[in-house]
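The chain contents come next:
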Amino acid sequence: MKRLLCLIALTWLLMRCATPVAPPGGDRDTEAPQVLVQVPRSGAINYQGDKIELIFNEYISFQGGAERVLITPRMDPQPKFVLKGKKLIINLPEGLDPEVTYSISLLNAITDYREGNVLKLYKCVFTRGASIDSSSLSGVVVNSFDKQVVGNVFVGLFDPNDTSAFLLNKPIYIAPTNDQGQFKVDYVKEGQYKIAALEDKNFNFKLDPPSERVSLTTNPISVGLASVLEQEIQVFLNKKKPQIEGYKVISNNSLYVYFNQEIEEITLDVEQFVENDKVYFNSNNDTLFYHWSTRDLQQLDFVVKLNRNHIDSLNIPLINKPKVKAFYATSGPQDPKKAIVIRTGEYVDYFNASLISLKDSLNEAMEFSVTSDKQKLLLQLSKHYYGNLLLSIDSGAVVFNDGIVSKESFSQQLVTEEVRLKSVLSLTFGKPLISGAMLELYTKENKRIAVLSVSNLTKLDIPELNAGKYTVRIYQDANGNSKWDSGDVKEQRPPESTLVYSKNIEIKENWDKELTLNF
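Attention here is on the structure that accompanies the text. (Residues numbered from 1 in each chain as written. Predicted model: local features only at pLDDT ≥ 70, side-chain atom pairs only at ≥ 80, totals over all residues. Heavy atoms only, no water.)

This paragraph deals with the nonpolar core. Within the largest apolar cluster, 23 residues are counted, with the highest numbers of intra-cluster contacts made by I52, L54, M75, L92, I104, L106 and F126. Looking at this core, the elements that each hand over two or more residues are β2 (51-56), β4 (69-72), β6 (87-91), β7 (101-112) and β8 (118-127). Here the element with the most residues in this core is β7; it accounts for 5 residues. Apart from the residues within four sequence positions on either side, L92 is in contact with Y47, G49, D50, K51, I52, M75, P79, I104 and F126. The next biggest cluster of nonpolar side chains, apart from the first, holds 21 residues, and it includes M366, L379, L389 and F400. (Core = buried A, V, L, I, M, F, W, Y, C linked by side-chain atoms within 4.5 Å. Buried < 20%, exposed > 50% of the residue type's maximum accessible area, 1.4 Å probe, protein only. Helix = DSSP H or I, 4+ residues; strand = E, 2+ residues; numbered from the N terminus. Contact = heavy atoms within 4.5 Å.)

Put into structure tokens, the structure is as follows:
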């Protein structure tokens, strides 16, 4: 028994010795690990060894995924990393080119063992040859849509004859941008290169659309000592092929089909279409509503030609579609100067205004007019009224597109209140805008509320704005379709140029704002 207790104690002591533990007491460690010794030293020439050793001042953890280890030029195969306590060993592959300088960057790959403090960047540089390549290229990457700087994208240098940069071929040299969109590719062999940038989310250094932004490749550029790219590199989402993304049945006789982008032109063929069916787009032209009038329809088969030359299809079974009752719904508070909108969920074919009433807080009938707009009833008061209203819709007030008469009655309390006074945004441009210039106005929620042609204008007033923060963007509509078009990297077609992007323009209530935009 005594021998067994000794063995347990010895095992416990060995386990304590095998696990690196910071001594108790003292201030918490907030410093990142530091390299005490590198063999060979960074910048070594004529190095013929098969490994690099990094010895740190404390026990470390190492994460060596592709997003954390950046090697230029590429090594094939990749080196193998071995961690031994305070030492990281980088085992180099055979056959390295003696004519180039290799750079191994560890990006947030090293943390201390106990506290997780991160060594943001450590770089090992060496060559098999007689001298270190000392050329470099720096510059800035921006987003083509809004000209905002873009961090965490990769800028690559390619062979000057490369025609498939980031499509089929990986770069020779590569470097990431920082939070200010700045990059520097260093330890480059002097010469001619094509330049391109990629938002590489899976770190395979190839474009994987549609979620990764990319730039067009430049013409060949000479890279020498401390070269600076004069033009900003603009990244964009490659223009997508228009297609159906999905659909949803929203009532017994209606559904909507949504697309992956705004549709300029559509040719629709529905096998089960009859004359009384109703088809229309939403205001953004990216969702198509379909209301059918054939009862007990079991399936709808859509074939669509999108933007003249893209064809897509969709087969929608309706046998087990959800049974959804027609409904009435409003939102408030109401602006007494505007129509009260009553959503119905079905396409309104006919309504009986005598079965709809509005009463004020004294139970007096209010005068109003009624119109319909697709799935909506619009009630316009004959005079402005501020206060509580009671809306009542009797059974049989509405006949829907399928010939079904509404059977349920509906009532709801509404509140009309005076809306806040509007303001005007007066824009002055530093010079007449170019032909084809378009202006977009967005709310702070990034909702586009205006698209205006501003060709050759020097000033513009945008009235009827609510208090809040807005964004103005002006771009050149090169193809005249009244919308901004992204680029196509396969066709090497650039996105349409953004001229001005101004965020956080504050509009106060009943306080016109004047703003000069220079570009």
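Don't stop here, the text continues.
Tallying each qualifying case throughout the model produces 15 aromatic pairs. Aromatic rings pair up to connect Y256, Y258, Y280, F289 and Y347 into one cluster. Stacked on the ring of Y59, the Lys or Arg K86 has its end atom at 5.2 Å from the ring centre. (Phe/Tyr/Trp six-rings, centres within 6.5 Å; stacked < 30°, edge-to-face > 60°. Lys NZ or Arg CZ within 6 Å of the ring centre and 35° of its normal.)

Turning next to the pattern of salt bridges. Using the criterion set out here, one finds 14 salt bridges in the structure. Note that R114 and E115 form a salt bridge whose closest N and O atoms lie 2.9 Å from each other. A residue is classified by how much of its surface remains accessible, and E115, at 21% relative accessible area, is partly exposed. Across the pair R213 and E199 runs a salt bridge whose closest N-O atoms are separated by 3.0 Å. (Salt bridge = Lys/Arg side-chain N within 4 Å of Asp/Glu carboxyl O.)

Here 3 strands make up an open sheet; going across it, the order is β36-β33-β39 and the pairing mixed. Pairing within the sheet leaves two strands with one partner each, and these edge strands are β36 (459-465) and β39 (513-517). Geometrically, the sheet is characterised by an average inter-axis angle of 20° between neighbouring strands, direction not taken into account. (Pairing = 2+ DSSP bridges. Axes fitted to C-alpha atoms, helices over the stretch in contact; angles between N-to-C directions.)

Here strand β18 (residues 244-251) runs beside strand β19 (residues 254-259); their pairing, made up of 6 bridges, is antiparallel. By the bridge assignment, V249 is partnered in β19 with L255. Taking the residues that link successive antiparallel strands as the turn, the β18-β19 hairpin has 2 residues.

Turning our attention to the sheet that holds β19. Taking strand neighbours across the sheet as the criterion, the 4 strands line up as β18-β19-β22-β21 in an open arrangement whose pairing is antiparallel. Strands with a single pairing partner mark the edges of an open sheet, and in this sheet they are β18 and β21 (278-281). The sheet shows a mean angle of 20° between the axes of neighbouring strands, direction not considered.

Relative to β2, strand β1 (residues 35-39) runs antiparallel, the two being bridged by 4 bridges. Residue pairing in the sheet places V37 in a bridge with I55 of β2.

With that settled, the discussion passes to unusual backbone geometry. With the exception of glycine, the majority of residues adopt a negative phi angle, and the majority of peptide bonds are in the trans configuration. Residue P73 is reached from T72 by a cis peptide bond, and omega for that bond is -15°. Within the fold, P73 resides in the loop between β4 and β5 (80-84). Going from D76 to P77, the amide bond is cis rather than trans, its omega being 5°. The topology assignment puts P77 in the loop between β4 and β5. The residue K147 is not glycine, and still its phi comes out positive at about 65°. Along the polypeptide, K147 turns up in the loop between β9 (135-143) and β10 (154-158). Relative accessible area serves as the criterion here: at 38%, K147 is assigned to the partly exposed category.

In this structure, S222 sits in strand β15 (residues 221-223). With 173 residues separating them along the chain, S222 and S395 place their C-alpha atoms 78 Å apart. When neighbours within four sequence positions are excluded, S222 is seen to be in contact with G191, Q192 and S227. At 2.3 Å, the side chain of S222 forms a polar contact with the side chain of Q192. (Polar contact = N/O pair within 3.5 Å; in protein donor to acceptor, adjacent residues only side chain to side chain.)

Bringing a nonpolar patch on the surface into the picture now. Taken together, the side chains of L36, V37 and V39 make up a nonpolar region of the molecular surface, amounting to roughly 260 Å² of accessible area. Within the element layout of this structure, L36 appears in strand β1. (Patch = residues over 30% accessible without salt bridge, like charges linked within 9 Å, V, L, I, M, F, W, Y side chains within 5 Å. Areas by Shrake-Rupley, 256 points an atom, 1.4 Å probe, with all protein chains shown as cover.)

Our next topic: the environment of L237. Examined against the element boundaries, L237 turns out to sit in strand β17 (residues 233-237). Residue L237 is classed as partly exposed on the basis of its relative accessible area of 41%. Sequence separation of L237 and V214 is 23 residues, and the distance between their C-alpha atoms is 6.5 Å. Excluding residues that lie within four positions of it along the chain, L237 makes contacts with P210, S211, E212, R213, S486 and G487.

Looking now at the side chain of D488. Looking at the secondary structure, you find D488 in the loop between β37 (468-476) and β38 (498-507). Buried D488, no salt bridge; nearest opposite-charge side chain is R493, N-O distance 4.1 Å. Once you skip the residues sitting within four places of it in the chain, D488 turns out to touch L216, F236, N238 and R493. (Lys, Arg positive; Asp, Glu negative; His and termini not counted.)

Such coordinate-based values are descriptive only and should not be taken to indicate function.
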